[in-house]
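Given next are the chains, with one letter for each unit.
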Amino acid sequence: MSTERNILFGLYDDEEKLLDAVKAANADHLDIDDVYTPFPVHGLDPLLGLEESRLHIAGFIFGSIGCLFGFGFMTWVFTRDWPIIFGGKPYWSVPAFIPITFELTVLFAAVGMVLVFYIICGLGPGAEPRRLHDRITDDKFCIAFDATDLGSEAVEKLKGYFTKTGAESVHTKVVPV
């Protein structure tokens, strides 16, 4: 098993050209490794056959934990730990707990989803960035193919595909797995 992959990629100037190129790759039955864009491109996910993210499930779970923690902690503080009657309110004044419970729900959901996203994407402190080309994150769009196990004829076919679809430039890069 190799520890490196040979990636052949083409750069495009416009998201419309990119979408047309992805449609052409699907029509030619080419196996796209990945598509990189500087911003989200509407309509790209269905063309690539990507499913909807399940990150919202993590958000719901972390939000529920935050809600239960906030409500439970205030219940414990105001009924067991420090039961003080102030403003004529009873010990367990549920309407007064709602704003803080809501804020903790939002806080736990947001922080939890960011942590899950970082773990899934392999991001965080000490993570090395994997960039094929410096301009991909700036103003270029990229379609990448894994050319590790391809012969020279298949690589030439991919280069012809890039020329046919209007790629500005075609590059090859060896990246670690």
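Keep in mind the model is a prediction, meaning the values are calculated, not measured.

Student: Hey, could you run me through the overall build of the protein in this one?
Tutor: Regarding its fold elements, the protein presents 5 helices and 4 strands. In sequence order, the secondary structure elements of the protein are arranged as β-α-β-α-α-α-β-α-β. By the compact-globule yardstick of 16 Å for 177 residues, the protein is too spread out, its C-alpha radius of gyration being 25 Å. When each of the 177 residues of the protein is scored for burial, the buried share is 27%.

Student: Would you explain the pairing of strand 1 (residues 4-12) in this entry?
Tutor: Every other side chain in a regular strand lies on the same face of the sheet, so the side chains alternate between the two faces. Here 8 bridges tie strand 1 to strand 4 (residues 169-176), and the two strands are oriented antiparallel to one another. Note on strand 4: the bridge partner recorded for E4 is P176. Bridge analysis of strand 1 against strand 3 (residues 141-146) gives 6 bridges, and the strand direction is antiparallel. Opposite F9, over in strand 3, you have A144 as the bridge partner.

Student: Whenever I open this one, unusual backbone geometry confuses me. Can you help?
Tutor: As a rule of thumb, non-glycine residues mostly have phi less than zero, and peptide bonds are mostly trans rather than cis. Of note, H29 is a non-glycine position whose phi angle comes to about 60°, a positive value. With respect to the helices and strands, the residue H29 is situated in the loop between helix 1 (15-27) and strand 2 (34-36).

Student: Can you help me understand helix 4 (residues 94-121) in this one?
Tutor: Residue pairs spaced three or four apart in an α-helix point in one direction, given the helix's 3.6 residues per turn. Under the 1.5 Å per step criterion, the end-to-end length of helix 4 is 40 Å for 28 residues, consistent within 8% with the ideal 40 Å. At I100, helix 4 shows its largest kink, close to 25°. Taken as a whole, helix 4 has its buried residues at F97, T101, L104, A109, G112 and V116. Residues of helix 4 that are buried sit in contact with helix 3 (55-81). Just downstream of helix 4 lies G122, where phi reads positive at about 70°.

Student: What should I look at first to understand the domain arrangement of the protein in this one?
Tutor: A common way to state how big an interface is: give the accessible area lost once the parts meet. Per the domain assignment, the segments of the protein are domain 1 (4-38 + 137-176) and domain 2 (54-121). For domain 1 and domain 2, the distance between their C-alpha centroids amounts to 47 Å.

Student: Would you mind going over the state of the cysteines with me for this structure?
Tutor: Should the sulfur atoms of two cysteines be covalently bonded, the bond is a disulfide. Overall, the coordinates contain 0 disulfides when judged by the stated rule. Unpaired in terms of disulfides, C142 finds its nearest cysteine sulfur in C121, a separation of 17 Å.

Student: How do you make sense of the packing of aromatic side chains when you look at a structure like this?
Tutor: Aromatic rings considered in pairs are described by the distance between their centres and by the relative angle of their planes. Using the criterion set out here, one finds 11 aromatic pairs in the structure. For the pair F71 and W92, a centre-to-centre distance of 6.0 Å together with 75° between the ring planes defines the contact as edge-to-face. In this pair, F71 sits in helix 3 while W92 sits in the loop between helix 3 and helix 4, placing the two residues 21 residues apart along the sequence. Summarising the aromatic geometry, the rings of F73 and W76 are spaced 6.0 Å apart at their centres and angled 40° between planes, so their arrangement reads as tilted. With F73 and W76 both in helix 3 and 3 residues apart, this pair spans about one turn of that helix.

What counts, and where the lines are drawn
- Residues numbered from 1 in each chain as written.
- Predicted model: local features only at pLDDT ≥ 70, side-chain atom pairs only at ≥ 80, totals over all residues.
- Heavy atoms only, no water.
- Helix = DSSP H or I, 4+ residues; strand = E, 2+ residues; numbered from the N terminus.
- Rg over C-alpha atoms; globule rule 2.2 N^0.38 Å.
- Buried < 20%, exposed > 50% of the residue type's maximum accessible area, 1.4 Å probe, protein only.
- Pairing = 2+ DSSP bridges.
- Expected span 1.5 Å × (residues − 1).
- Bend = angle between axes of the 7 residues up to and from the residue.
- Contact = heavy atoms within 4.5 Å.
- Domains from an automatic or database assignment.
- Disulfide = S-S within 2.5 Å.
- Phe/Tyr/Trp six-rings, centres within 6.5 Å; stacked < 30°, edge-to-face > 60°.

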